[in-house]
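Remarks on the overall topology
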Amino acid sequence: MAQFSAETLAAPFTYTGAFSPVTEFWDRATRDENPGKEPPAKTDNNGIPLLSLDFMRIEEVFGRPQTVVFQVQIPKTDVPDDLEPGRYSLINATVNVYARDSKIRESWTAEGVVEN
């Protein structure tokens, strides 16, 4: 797995307004062992719950522009309560890139958001 640091101040992303809490992954066996229970909230290294925010960016695919929606995990305390859809830069964004199912996948994390 390759890991990159992303500088987003020069090319901010568009926040869609959609967000959700991040939960731990439970496979089928774990879900069967815990019927009626929800997976616990995933936290950062300091124990702060994480939120997954949806952002959009434009990529060129086969010579044509394409809108890509991707999720960024950010600590809940670093997301303003009144965050509205718009253009934002990610603070200390990190992208983990890996190959899975013969496709390139990416996982984004950031320390916060800043309005542009």
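Let us look at the structure shown here.

So, how was this worked out
- Residues numbered from 1 in each chain as written.
- Predicted model: local features only at pLDDT ≥ 70, side-chain atom pairs only at ≥ 80, totals over all residues.
- Heavy atoms only, no water.
- Helix = DSSP H or I, 4+ residues; strand = E, 2+ residues; numbered from the N terminus.
- Buried < 20%, exposed > 50% of the residue type's maximum accessible area, 1.4 Å probe, protein only.
- Contact = heavy atoms within 4.5 Å.
- Areas by Shrake-Rupley, 256 points an atom, 1.4 Å probe, with all protein chains shown as cover.
- Lys, Arg positive; Asp, Glu negative; His and termini not counted.
- Charge placed at Lys NZ, Arg CZ, Asp CG, Glu CD.

1. With respect to the overall build of the chain
Looking only at helices and strands, one finds one helix and eight strands in the chain. Tracing the chain from N to C terminus, the helices and strands come up as β-β-α-β-β-β-β-β-β. Here the C-alpha coordinates of the chain stretch approximately 45 × 40 × 25 Å along the principal axes. Every one of the 116 residues in the chain was classed for burial, and the buried ones make up 28%. Long-range contacts, defined here as pairs at least 24 residues apart, represent 57% of the contacts in the chain between residues at least 6 apart. Only carbon and sulfur atoms are counted for the fraction: they give 49% of the accessible area of the chain, which is about 8,300 Å². The chain carries 11 positive and 18 negative side-chain charges, and their two centres are separated by 9 Å.

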